[in-house]
Amino acid sequence: MKTMFKSLAAPAALLTLTTPSLAADYANNPAYAGHPFETQLWHGLVLALMYATVGAMLLFLSFKAIDKAITKIDLEGEILKGNVAAAIFSAGILIGMAIILAAAIG
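Residues numbered from 1 in each chain as written. Predicted model: local features only at pLDDT ≥ 70, side-chain atom pairs only at ≥ 80, totals over all residues. Heavy atoms only, no water.

A. View of the overall build of the protein chain. Assigned secondary structure in the protein chain consists of 5 helices and 0 strands. Every one of the 106 residues in the protein chain was classed for burial, and the buried ones make up 19%. Contacts in the protein chain between residues at least 24 apart in sequence constitute 45% of all its contacts with a sequence separation of at least 6. By element, 74% of the accessible surface of the protein chain is carried by carbon and sulfur atoms, the whole surface being about 7700 Å². (Helix = DSSP H or I, 4+ residues; strand = E, 2+ residues; numbered from the N terminus. Buried < 20%, exposed > 50% of the residue type's maximum accessible area, 1.4 Å probe, protein only. Contact = heavy atoms within 4.5 Å. Areas by Shrake-Rupley, 256 points an atom, 1.4 Å probe, with all protein chains shown as cover.)

B. Local environment of helix H5 (residues 84-105). If you check H5, its first and last C-alpha atoms are 31 Å apart, about what 22 residues at 1.5 Å a residue would give, namely 32 Å. Where H5 starts, the residue carrying a side-chain oxygen 3.1 Å from the main-chain nitrogen of Ala 85 turns out to be Asn 83. (Expected span 1.5 Å × (residues − 1). Polar contact = N/O pair within 3.5 Å; in protein donor to acceptor, adjacent residues only side chain to side chain.)

C. Inspection of the nonpolar core at higher detail. Ranked by size, the top nonpolar core spans 5 residues in total: Phe 63, Leu 75, Ala 86, Ile 93 and Met 97. By residue number, the principal contributor to this core is H5, which donates 3 residues. Contact partners of Phe 63, with chain neighbours within four places excluded, come to Leu 75, Ser 90, Ile 93 and Leu 94. (Core = buried A, V, L, I, M, F, W, Y, C linked by side-chain atoms within 4.5 Å.)

D. Structural detail: a nonpolar patch on the surface. Together, Val 54, Met 57 and Leu 58 line one region of the surface with nonpolar side chains, adding up to about 250 Å² of accessible area. Positionally, Leu 58 belongs in helix H3 (residues 37-70). (Patch = residues over 30% accessible without salt bridge, like charges linked within 9 Å, V, L, I, M, F, W, Y side chains within 5 Å. Salt bridge = Lys/Arg side-chain N within 4 Å of Asp/Glu carboxyl O.)

E. Broad picture of the pattern of salt bridges. Taken as a whole and assessed by the stated rule, the structure comprises 2 salt bridges. The shortest N-O distance in the salt bridge between Lys 64 and Glu 76 comes to 2.2 Å. Here Lys 64 is found in helix H3, whereas its partner Glu 76 is found in helix H4 (residues 75-81), with 12 residues between them in sequence. On the basis of relative accessibility, which here comes to 26%, the residue Lys 64 falls in the partly exposed class. Note on Glu 76: relative accessible area 37%, which makes it partly exposed. Its salt-bridge partner being Glu 78, residue Lys 81 comes within 3.5 Å of it at the nearest N-O pair. With Lys 81 and Glu 78 both in helix H4 and 3 residues apart, this pair spans about one turn of that helix.

See the structure below:
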């Protein structure tokens with residue numbers, strides 16, 4: 001395996017070329033001209049991690065806001081008691097907010 005890939009250049013190049021957004025960044029952004037594919041890969045991974053973190057925080061905050069504004073019960077307490085309806089309602093809120101946040105962030 002060591003002889004097949006002597007550095008990360010080949011796997012990073014393959015991943016970069018198969019990822020449309022990173023490949024488009026590489027092709028269209030003059031700031032990347034002359035940079036190796038590893039730089040592109042790490043840049044994309046860091047951005048993805050940042051967007052995931054911001055999205056998770058916004059999802060948590062929006063769930064808490066909706067829980068306080070709409071429901072008059074403690075959803076987390078009801079779920080811990082085994083209330084399946086509260087769990088399904090919470091899942092619906094989370095899925096709906098995730099779709100909205102994904103469209104807003106992406």
